[in-house]
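So you can see what is in the structure, the chains are spelled out below.
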Amino acid sequence: MNNKKKYKSLFISDFMKKSMQNLLLKNKEKISKEVAEKIFQIDEVEIAEFIKEIGNHEIEYIPIKKIRQNLATKYIGKNIYSFHEVESTNSIAKFLAENGSPEGTIILAETQTKGRGRSGKKWESPTGGIWLSIILKDNIEPSKASIITLATGVAVAKILRKMNIDAKIKWPNDILINNKKVCGILTEANAKSNAVYYVIVGVGIDTKIDIGTLADDIQEKTTSLNKETSEEIKEPSIVANFLNEFEEIYNLFKDEKFDEILYDWKQMNQTIGSYVEVKQPFGEVYRGRAVGIDNQGVLILELENGELKEIISGECILHNS
Ligand code: BTN
């Protein structure tokens, strides 16, 4: 069995065993008998059809119709699936991407039971947030995929600033308000030889979450939009505004106008100029002053001994800002 096939079958069996029952239970009032019967004799195409069918029903929390009222995009959000509960919208997005869903497809959920964060961390996803994934399929080169992550951070920061919220970006793409995290972005790519076959951009925005329900160690580092503004938080219009902004910046990416994306990122960032600590995926820690990012989003640190160090990925902690 080649790797892709192996991965796919593992993913499907995990998906079938754990997610399907949840999806069925949570959405049972919406599912036709015909679809329910399919669950017991299902193949990959049928699973994709099943997801499409249950995902397309209106749910109260983020109704697709309300998103569309403010959506001005050409292709981002043309297909939107909105669920009550899934394990991870990124997993559903991967599956749909591999089963023919086009670029710009959006997957939303009211809650995630196994939301994924960066560096293999869990992403807590209770009711009161926007948990969203976007499928991108434009033969994106692996070396440029990191720019999409930065671009997504720019799109989120821009829409929050339009709500008069002073949002800042911490490298690479955490969105902070008053030094607390309000949004995280997880980009997952499937590399096929040298070209990326699809990219999933997962965005989690805390809109009205109850911070007291989060794990103790993240409570004090986390905020939610309703704590930062007295304006009414309307998730459907936030989603629409984000998708509008995302399409604009993703079009810049497609036109290779990386300088414009990085210019906006630099304008809104809260990392360059700060003393930072970066924890690398394999445990190494670098400390120093962040002095810039290059045109692929790599962070440049000036270490204590004066050496310049390029940091491709890692968890960044700001020590003064
Ligand atoms: C981070 O660690 O900062 C990234 C968090 C990304 C969370 C989002 S929520 C929607 C999508 N589905 C997931 O499982 N993760 C991303």
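Residues numbered from 1 in each chain as written. Predicted model: local features only at pLDDT ≥ 70, side-chain atom pairs only at ≥ 80, totals over all residues. Heavy atoms only, no water.

A separate point is the overall build of the protein. Each helix and strand counted, the protein has 10 helices and 12 strands in total. Counting the 321 residues in the protein, one finds 53% classified as buried. For the protein, the share of sequence-separated contacts (at least 6 apart) that also reach a separation of at least 24 residues comes to 65%. Put simply, the protein shows about 15,400 Å² of open surface, and 47% of that area lies on carbon and sulfur atoms. (Helix = DSSP H or I, 4+ residues; strand = E, 2+ residues; numbered from the N terminus. Buried < 20%, exposed > 50% of the residue type's maximum accessible area, 1.4 Å probe, protein only. Contact = heavy atoms within 4.5 Å. Areas by Shrake-Rupley, 256 points an atom, 1.4 Å probe, with all protein chains shown as cover.)

A few words now on the nonpolar core. Residues L132, I134, L136 and F242 are the most contacted members of the largest nonpolar core, which totals 69 residues. Element by element, the count of residues in this core is highest for helix α6 (residues 145-162), at 11 residues. Contact partners of L132, with chain neighbours within four places excluded, come to T89, I106, I107, L108, V201, G202, V203, V239, F242 and L243. (Core = buried A, V, L, I, M, F, W, Y, C linked by side-chain atoms within 4.5 Å.)

Turning next to the site of the ligand. Near the ligand, the surroundings consist of 19 residues, among which S88, Q112, R116, R118 and K181 are the closest. Here an oxygen atom of the ligand sits 2.7 Å away from a polar atom, N or O, in the main chain of R116. Taking R118, its main chain carries an N or O atom lying 2.7 Å from an oxygen atom of the ligand. Contact with the protein chains covers 97% of the free accessible surface of the ligand, which is 410 Å². Mapped by element, the contributors of at least two residues to the shell around the ligand are α5 (89-98), β3 (129-136), β6 (180-192) and β7 (195-206). At 4 residues, β6 tops the list of elements feeding residues into the shell around the ligand. Partitioned by chemical class, the residues of the shell around the ligand number 5 nonpolar, 10 polar and 4 charged. (Near = heavy atom within 4 Å. Polar contact = N/O pair within 3.5 Å; in protein donor to acceptor, adjacent residues only side chain to side chain. Nonpolar A, V, L, I, M, F, W, Y, C, P; charged D, E, K, R; others polar.)

Across the 10 residues that make up α5, a large majority, 10, are buried. Within α5, the full set of buried residues consists of T89, N90, S91, I92, A93, K94, F95, L96, A97 and E98. Between the side-chain oxygen at the start of α5 and the backbone nitrogen of N90 there is a gap of 3.1 Å, and the oxygen is on S88. Directly beyond the C-terminal end of α5, a positive phi value near 95 degrees is found at G100.

The final tally for this structure, using the stated rule, is 7 aromatic pairs. Seen from their ring centres, W123 and W131 are 6.4 Å apart, and the 80 degrees between their planes marks the pair as edge-to-face. Judged by relative accessible area, W123 falls into the buried class, the value being 17%. On the accessibility criterion, W131 (1% relative accessible area) is buried. Where F246 meets Y250, the ring centres are 5.7 Å apart and the plane angle is 20 degrees; that geometry is what we call stacked. Placement of the pair is F246 and Y250 together in helix α9 (residues 235-254), with a separation of 4 residues, close to one helical turn. (Phe/Tyr/Trp six-rings, centres within 6.5 Å; stacked < 30°, edge-to-face > 60°.)

One face of the sheet, then the other: side chains in a regular strand alternate in exactly this way. Inspection of the sheet shows strand β8 (residues 275-279) paired to strand β9 (residues 285-293) by 5 bridges, in the antiparallel sense. When the bridges of β9 are listed, E277 appears paired with R287. (Pairing = 2+ DSSP bridges.)

Moving on, we come to the pairing of strand β1 (residues 80-86). Of all 7 residues in β1, 6 are buried; the element is thus mostly enclosed. The sheet contact formed by β1 and strand β2 (residues 106-112) spans 6 bridges and is parallel. Paired with E85 across the two strands is T111, which belongs to β2. The β-α-β motif built from β1, the intervening α5 and the parallel element β2 has right-handed crossover chirality. (Right-handed = clockwise from strand over helix to strand, strands pointing away.)

Moving on, we come to the pattern of salt bridges. Side-chain pairs of opposite charge can arise where the charged atoms are in close proximity. The tally for this structure, following the rule as stated, stands at 13 salt bridges. Across the pair E188 and K94 runs a salt bridge, and its minimum N-O distance is 4.0 Å. With E188 in strand β6 and K94 in helix α5, this pair connects stretches of sequence that are 94 residues apart. Taking the relative accessible area as the measure of exposure, K94 reaches 16% and is therefore buried. The shortest N-O distance in the salt bridge between K144 and E256 comes to 3.7 Å. Of this pair, K144 sits in the loop between β3 and α6 while E256 sits in the loop between α9 and α10 (258-268), and the two are 112 residues apart along the sequence. We classify K144 as buried; its relative accessible area is 18%. (Salt bridge = Lys/Arg side-chain N within 4 Å of Asp/Glu carboxyl O.)

Once that is clear, we can look at the packing of α6 against α10. Contact geometry for α6 and α10: axes closest at 9 Å, N-to-C directions at 50 degrees. With respect to their mutual orientation, α6 and α10 come out oblique. Between α6 and α10 lies a crossing of left-handed hand. Between α6 and α10, the residues in contact are I147, L150, A151, V154, A157, K158 and R161 and F258, I261, L262, D264, W265 and M268, respectively. Here the residues of the contact of α6 with α10 sort into 10 nonpolar, no polar and 3 charged. (Axes fitted to C-alpha atoms, helices over the stretch in contact; angles between N-to-C directions. Parallel < 35°, antiparallel > 145°, perpendicular 65-115°, else oblique. Left-handed = near helix turned anticlockwise from the far one by under 90°.)

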